[in-house]
There are 2 protein chains.
Amino acid sequence: MPDSVLVHSPATLSNLGCGFDVFGLALAAPYDTIRLTRRAAPGISIRHLDPYNLPTDPARNVAGVALLALLQAVPEELGFDLEITKGIKPGSGVGSSAASAVGAVVAANALLGNRFSKMELVDFAMEGEAVASGARHADNIAPAIFGGFTVVRALEPTLDILALPAPALWVAVVHPQIEVKTSDSRKVLPATVPLGLAVRQWANVAGLTAGFLTADYDLIGRSLADYIVEPARLPLIPGLADARRRALAAGAIGGGISGSGPSIFMLNKTEETAQAVGAALGSVFAELGIEFNVYVGPVGTEGARVVAEE
Amino acid sequence: MPDSVLVHSPATLSNLGCGFDVFGLALAAPYDTIRLTRRAAPGISIRHLDPYNLPTDPARNVAGVALLALLQAVPEELGFDLEITKGIKPGSGVGSSAASAVGAVVAANALLGNRFSKMELVDFAMEGEAVASGARHADNIAPAIFGGFTVVRALEPTLDILALPAPALWVAVVHPQIEVKTSDSRKVLPATVPLGLAVRQWANVAGLTAGFLTADYDLIGRSLADYIVEPARLPLIPGLADARRRALAAGAIGGGISGSGPSIFMLNKTEETAQAVGAALGSVFAELGIEFNVYVGPVGTEGARVVAEE
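The structure presented is a predicted model; accordingly, all values stated were derived computationally and were not measured.

J.: Can you help me understand the pairing of strand 5 (residues 149-154) of chain B in this one?
T.: Side-chain direction in a regular strand flips from residue to residue, so the side chains alternate between the two faces of the sheet. Residues and elements named next belong to chain B. Across the six residues that make up strand 5, a large majority, six, are buried. Bridge count for strand 2 (residues 23-39) against strand 5 is three bridges, and the pairing is antiparallel. Bridge pairing in strand 5 places Leu25 opposite Phe149. Taken together, the five bridges between strand 5 and strand 6 (residues 160-164) define a ladder with antiparallel strand orientation. Within the sheet, the bridge partner assigned to Thr150 lies in strand 6 and is Ala163. Between the antiparallel neighbours strand 5 and strand 6 lie five residues.

What follows is the structure, given as structure tokens:
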């Protein structure tokens, strides 16, 4: 077994329009780079090789907490040095905390002879998400572990995640530099939903699931529409309606809010379209005088993976 | 072109647990038998060769209304004699009215050289459903037309129906002879749904869609659960909880209320299990002193079809 592994752990989209709290999609890039090295002394040390001033106390770092959860399931008393280089900007709405938590547990599992299943790794990594957002949720964790398109069918009584294939897709994401607190984006959600609207939403959930499984791009596009969460969050994200209009005009299949925002994602059939859509998304925020970053990359068929061992 | 056609139009399950107003599944049997014959005089005559005393005025008969809707889309002035033999008992909750409406328009389309698409036939047949239940809905019409597993993704602005394959499955249905008015079964529905419950429901909708598309019987079974409609309708259908318990004990994958009830359906992997499950379902109503019928049959891969031409 190696003493040190290097893991790439990808950005992910959660919710995917109609599938609030359920759907996830892995990107191939950007990703966090995690180096985990076995050491003699028990416990965990964390070093961040990035400019984001994230906590390095294991009990307050999402990757640290996930790793501690995994270590609790291990009989040996082990020690690890964890080195994190974030390629995903924190707060960007593309699963930054999930990527770090997943990278840490995937790395540890490799150092332990892969004794845990992917489902168990999801469970450990969710502890990290709980620290980041106050709730144990798996909608970014699942695609970061399994890759492709994921459905969190149930958290209780048993964690039930479906790992499904995704057709070739290119994702354009714009991250406007506006702060949307997760607590605010939760607060605006309606407590109850009219039954008729819930039916329209789950009709789209069925359509999106079938669209991914049959590689039907048109079906994916028309099924992304979110009648419940996006209307509630629209006021938090200036430029969203314009961004969608311009992205569709530039050839996007469809899209929506990435996670709880403020990022906006658009799915595309080709890299060329995705680049044009990324530029169209950016133009909206340039005109609004809001700084932004644009990511363009293919959907990732694998989740976090070991790229080097020593 | 033939002057007379004979069509078999199958029973269907709508809702399918979690997919209220969206999912449908075609059975291979029972079915209504429709004979449609061209005649010289314009207009429609209807004759029922069954004991159910259904209206024979075309404007009040579901098949007549569907046929009239189709004839409005035809430039010629045509006349038809429509002969209906109901194999599906009216009010049994397995799409009796949809079967008759669909049979009539499929037969007429055959006599007209199949000039209409299946989606157009759905549209005509929905006029019949509107007479039967007061609402234009397609959740039984769609599987009766397309066969297999169907998703009514949208009725507006454009009718959007997904016709998906279903894996080999045997259905057991019990029809207890209690009257549940469609208006009552609508009245008990909640106007609004807690968001968290809606999320659990659409997680199952995704699971059931994926289960059908990947022929994953376990996934189908655990995804059928309906958190919203079944709890509201439970008081209308005595024996439902016991029926489910006994059916699962007898080997059923899962099931629920068929349409708006009072019938209960259970999905099964084999005919043998379906027969045992049908007997288990019946035993509950026998003990309650409620008369019942049991149907057992395979899922139908085709919808209504012409079986003879003259």
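That covers the picture; the talk isn't over yet.
J.: Please clarify how the pattern of salt bridges should be interpreted in this entry.
T.: Two side chains of opposite charge can pair, provided their charged atoms sit close to one another. All names here are of chain A. Taken as a whole, this structure holds 32 salt bridges over all chains when the rule is applied. Its salt-bridge partner being Glu287, residue Arg246 comes within 2.9 Å of it at the nearest N-O pair. Residue Arg246 is found in helix 9 (residues 240-249), and its partner Glu287 is found in helix 10 (residues 271-287); the two are separated by 41 residues along the sequence. Assessed through its relative accessible area of 28%, Arg246 is described here as partly exposed. Glu302 is paired through a salt bridge with Arg305; the nearest N and O atoms lie 3.2 Å apart. Among the residues examined, Glu302 registers a relative accessible area of 45% and is labelled partly exposed. Salt bridges linked by common partners bring Asp123, Glu127 and Arg136 together as one network.

J.: What is the right way to look at the domain arrangement of chain A in this model?
T.: Many structure descriptions define interface size as the accessible area lost when the parts assemble. All names here are of chain A. Taken domain by domain, chain A holds domain 1 (4-166 + 300-309) and domain 2 (170-297). Computed over C-alpha atoms, the centres of domain 1 and domain 2 are 24 Å apart. In this complex, domain 1 contributes 22 residues to the contact, which on the side of domain 2 involves 29 residues. Note on domain 1 versus domain 2: buried area summed over both sides is about 2100 Å², and carbon and sulfur give 68% of it.

Scoring rules and cut-offs
- Residues numbered from 1 in each chain as written.
- Chains lettered and ligands numbered in written order.
- Predicted model: local features only at pLDDT ≥ 70, side-chain atom pairs only at ≥ 80, totals over all residues.
- Heavy atoms only, no water.
- Buried < 20%, exposed > 50% of the residue type's maximum accessible area, 1.4 Å probe, protein only.
- Helix = DSSP H or I, 4+ residues; strand = E, 2+ residues; numbered from the N terminus.
- Pairing = 2+ DSSP bridges.
- Salt bridge = Lys/Arg side-chain N within 4 Å of Asp/Glu carboxyl O.
- Domains from an automatic or database assignment.
- Contact = heavy atoms within 4.5 Å.
- Buried area = accessible area lost by both parts, 1.4 Å probe.

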